[in-house]
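Reading the structure
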Amino acid sequence: MGAAAAAQAVRLSGSPVLRAEVQKLLDKRCSPEQASGRLKIMHPDDPAMRVSHETIYQPVYLYPRGELRRELNACLRSGRDVRKRRGRREARGKIIGAVPIGQRPPEAEGRLVPGHHEGDLVMSTTASNSAVGTIVERMTGYLTLLHLPGGHGADAVAAAVTARMTALPGWFARTLTWDNDREMARHARITAGTGINVYFADPYSPWQRGSNENTNGLLREYLPQGHRPQPAHPRPAPGHRRRTQRPPQKTPRLPHPTRRTR
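Presented here is an overview of the structure given in this document. Computed from a predicted model, the values in this text were never measured in an experiment.

Tracing the chain through its elements places Glu-33 in helix 3 (residues 32-42). The sequence separation of Glu-33 and Asn-214 amounts to 181 residues, and the corresponding C-alpha distance is 7.4 Å.

Okay, the side chain of Arg-111 next. Position of Arg-111 among the secondary structure elements: in the loop between helix 6 (106-110) and strand 1 (116-123). Here Arg-111 falls in the buried class, since its relative accessible area comes to 19%. Only 2.9 Å separates the side chain of Arg-111 from the backbone oxygen of Arg-138, close enough to count as a polar contact. Reaching out from Arg-111, the side chain makes a polar contact with the side chain of Ser-211 at a distance of 2.8 Å. In contact with Arg-111, not counting residues within four places along its chain, are Glu-33, His-53, Glu-54, Glu-118, Arg-138, Met-139 and Ser-211.

So, about the nonpolar core. Core analysis: the largest hydrophobic core is formed by 23 residues, its most contacted members being Leu-121, Ile-135, Val-157, Val-161, Met-165, Trp-178 and Met-184. Within the residue set of this core, elements represented by two or more residues are strand 1, strand 2 (131-137), helix 7 (154-165), strand 4 (175-178) and strand 5 (197-200). If sequence neighbours within four positions are ignored, Ile-135 has contacts with His-117, Glu-118, Gly-119, Tyr-142, Leu-143, Thr-144, Leu-146, Val-161, Met-165, Leu-176, Trp-178 and Asn-212. Of all hydrophobic cores here, the second largest spans 11 residues; its members include Leu-25, Cys-30, Met-49 and Val-51.

Thresholds applied
- Residues numbered from 1 in each chain as written.
- Predicted model: local features only at pLDDT ≥ 70, side-chain atom pairs only at ≥ 80, totals over all residues.
- Heavy atoms only, no water.
- Helix = DSSP H or I, 4+ residues; strand = E, 2+ residues; numbered from the N terminus.
- Buried < 20%, exposed > 50% of the residue type's maximum accessible area, 1.4 Å probe, protein only.
- Polar contact = N/O pair within 3.5 Å; in protein donor to acceptor, adjacent residues only side chain to side chain.
- Contact = heavy atoms within 4.5 Å.
- Core = buried A, V, L, I, M, F, W, Y, C linked by side-chain atoms within 4.5 Å.

Without other data, these values stay purely geometric and don't point to any function.
Okay, structure coming up:
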């Protein structure tokens with residue numbers, strides 16, 4: 001965690017007003033990323049009321065105890081306070097030629113330039129051993145889904161990523177940041193086929209792929225799951241009106257990238 005992120009973490013833990021605002025947004029089922037964006041709109045002239053979504057995640061995933069961690073964790077969509085395995089054996093640190101997220105271009109971090117994506121797999125039931133791939137563009141929130149009928153091994157994922165990303169214009173497909181899992185072992189094949197540089201998040205650091213994690217949290221509510229963790233506050237039953245009252249998106253609806261004129 002850099003100096004800026006550390007300063008934000010101190011401000012969140014030491015400011016009751018800011019913490020209360022974050023708590024209210026999470027209570028309304030805003031994701032950490034949506035809460036961060038809403039604070040900028042609600043308090044445009046008050047820098048003290050700004051906090052990044054990574055900072056909201058960190059008390060939950062990094063700090064072993066504390067009231068702030070318990071308050072925030074109770075309202076996360078996933079309802080979990082640790083990063084758990086998702087029904088598959090992981091091979092952390094065994095991907096040959098993996099480029100860490102620290103080497104990703106600075107422009108990707110600022111979300112000011114389109115074309116930088118985050119990806120991962122969303123696992124279905126343990127019995128089916130199936131998955132769907134999700135790729136989210138960091139600036140616009142544009143979602144690309146990967147159909148994986150042949151399984152979610154490295155070859156299948158590389159082929160699906162290549163097919164979907166080559167359909168996007170070059171200005172909208174610059175980098176891809178993925179979780180540090182073995183399905184991305186053929187990342188060099190993806191780079192060769194698309195020209196997209198692939199970077200890997202640090203192990204057990206979901207806030208580094210916050211856009212993708214938030215999107216996956218929404219998808220998991222509608223996909224069949226085998227052994228999904230139960231949230232601290234039970235969600236409404238299917239068909240309950242609350243399901244249709246999602247918080248507004250962090251960005252306005254944008255046209256499909258292939259239809260944009262420069």
